[in-house]
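Tertiary structure, described
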Amino acid sequence: MQLSALVDWVHRYKDAVVARKDELTDLDRQIGDADHGFNMARGMQAASDKLDAAVPGTVGELGKSVGMTLVSTVGGASGPLYGTFFLRFGTAAGAATELDAAGLAAAFRAGVEGIVGRGKAELGDKTMLDALIPATEALEAAAAAGEPAELALDAAAEAAENGSQATLDIVARKGRASYLGERSAGHLDPGSVSSAMLVRTLADAAKG
Ligand code: ADP
Ligand code: MG
């Protein structure tokens, strides 16, 4: 996957969160404070604008630009968490200007570990990690099996979507939703939905 396709990913993700802003906010209204769509749309719009203004020369620069913008423009929990994902993704890729399936898996793994380090959540806590950890595992397995990036990312996107759906039945243990206790069950985690979109738009961008 070329750097230009990864830049395209960021723009596609911006378009997706802007298009589904109200849906993400409605999900957050059920078990949070009704700002997730607003947070993501504002943050990704700023990140997308910044990439247009200063075109990155490496995947490392791309991750740093998007990550710093999200950390500085989004007030909610999701800004620092997604910001950390992009910062670590970029650091792992460094001076690369293209990533194969193994490179994508390594960068993705680094990004997700950044979220774990920052938010201290784990699989099954009803957070974005319930989409991102299965996605990373699927991506790593496909890369290890020698699949091309496009197919590996399709598998990752499907795993993320299934993981997000599975948050429906979970009682939240992290984030605002955890304040609701048992009442958080029966609702999808909004961050898992935006994370499934993150992986799906990456798979789409890889196909051009
Ligand atoms: P806030 O919770 O501050 O209002 P958002 O509404 O933008 O921020 O984001 C909420 C999402 O952030 C949740 O749906 C969940 O997926 C994710 N989240 C919250 N806390 C954590 C955490 N500690 N680790 C991972 N993800 C988290
Ligand atoms: Mg919120």
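Throughout what follows, the structure given in this document is the object of discussion.

Rules and cut-offs
- Residues numbered from 1 in each chain as written.
- Chains lettered and ligands numbered in written order.
- Predicted model: local features only at pLDDT ≥ 70, side-chain atom pairs only at ≥ 80, totals over all residues.
- Heavy atoms only, no water.
- Core = buried A, V, L, I, M, F, W, Y, C linked by side-chain atoms within 4.5 Å.
- Buried < 20%, exposed > 50% of the residue type's maximum accessible area, 1.4 Å probe, protein only.
- Contact = heavy atoms within 4.5 Å.
- 1 Å grid on protein atoms, 1.4 Å probe; cavity = no way out; pocket = protein on both sides within 12 Å on 5 of 7 lines; lining within 4 Å.
- Points joined across faces, edges and corners; volume = space filled by probe spheres on them.
- Nonpolar A, V, L, I, M, F, W, Y, C, P; charged D, E, K, R; others polar.
- Helix = DSSP H or I, 4+ residues; strand = E, 2+ residues; numbered from the N terminus.
- Polar contact = N/O pair within 3.5 Å; in protein donor to acceptor, adjacent residues only side chain to side chain.
- Near = heavy atom within 4 Å.
- Areas by Shrake-Rupley, 256 points an atom, 1.4 Å probe, with all protein chains shown as cover.
- Sits in = over half its atoms within 2 Å of the grid points.

1. Overview of the nonpolar core
Grouped together as the largest cluster of nonpolar side chains are 61 residues, with contacts concentrated most on Met1, Leu6, Trp9, Phe85, Phe89 and Phe108. Among all residues touching Leu6, those that are not within four sequence positions of it are Met1, Val59, Leu62, Phe89, Leu99, Leu104 and Leu202.

2. A short note on the layout of surface pockets
There is about 510 Å³ of room inside the largest pocket. Taken together, 26 residues line the largest pocket, and the ones lying closest to its centre are Ala77, Ser78, Leu81, Gly175 and Arg176. Counted by class, the lining of the largest pocket contains 9 nonpolar, 9 polar and 8 charged residues.

3. Some details on the side chain of Asp125
In this structure, Asp125 sits in the loop between helix 6 (101-119) and helix 7 (129-144). Residue classification places Asp125 among the buried residues on the basis of a relative accessible area of 4%. For Asp125, the side chain forms a polar contact with the main-chain nitrogen of Glu122, separated by 2.9 Å. A polar side-chain atom of Asp125 sits 2.7 Å from a polar atom in the side chain of Arg173. If near-sequence neighbours (up to four positions away) are discounted, Asp125 is found in contact with Asp130, Ile170, Ala172, Arg173 and Lys174.

4. Details of the site of ligand 1
Ligand 1 sits among 20 residues. The nearest are Asp33, Asn39, Ala77, Ser78 and Asp189. Between Asp35 and ligand 1, the recorded distance is 3.0 Å, taken from a side-chain N or O atom to an oxygen atom. Asn39 is positioned with one of its side-chain polar atoms (N or O) 2.8 Å from an oxygen atom of ligand 1. In isolation ligand 1 offers 570 Å² of accessible surface; the protein chains occlude 92% of this area. Placement of ligand 1 is best described as lying within the largest pocket. Taken together, the elements giving at least two residues each to the shell around ligand 1 come down to helix 3 (36-53), helix 5 (78-93) and helix 9 (190-207). Looking at the shell around ligand 1, the element that brings in the most residues is helix 9, giving 3 residues. Split by residue class, the shell around ligand 1 holds 5 nonpolar, 9 polar and 6 charged.

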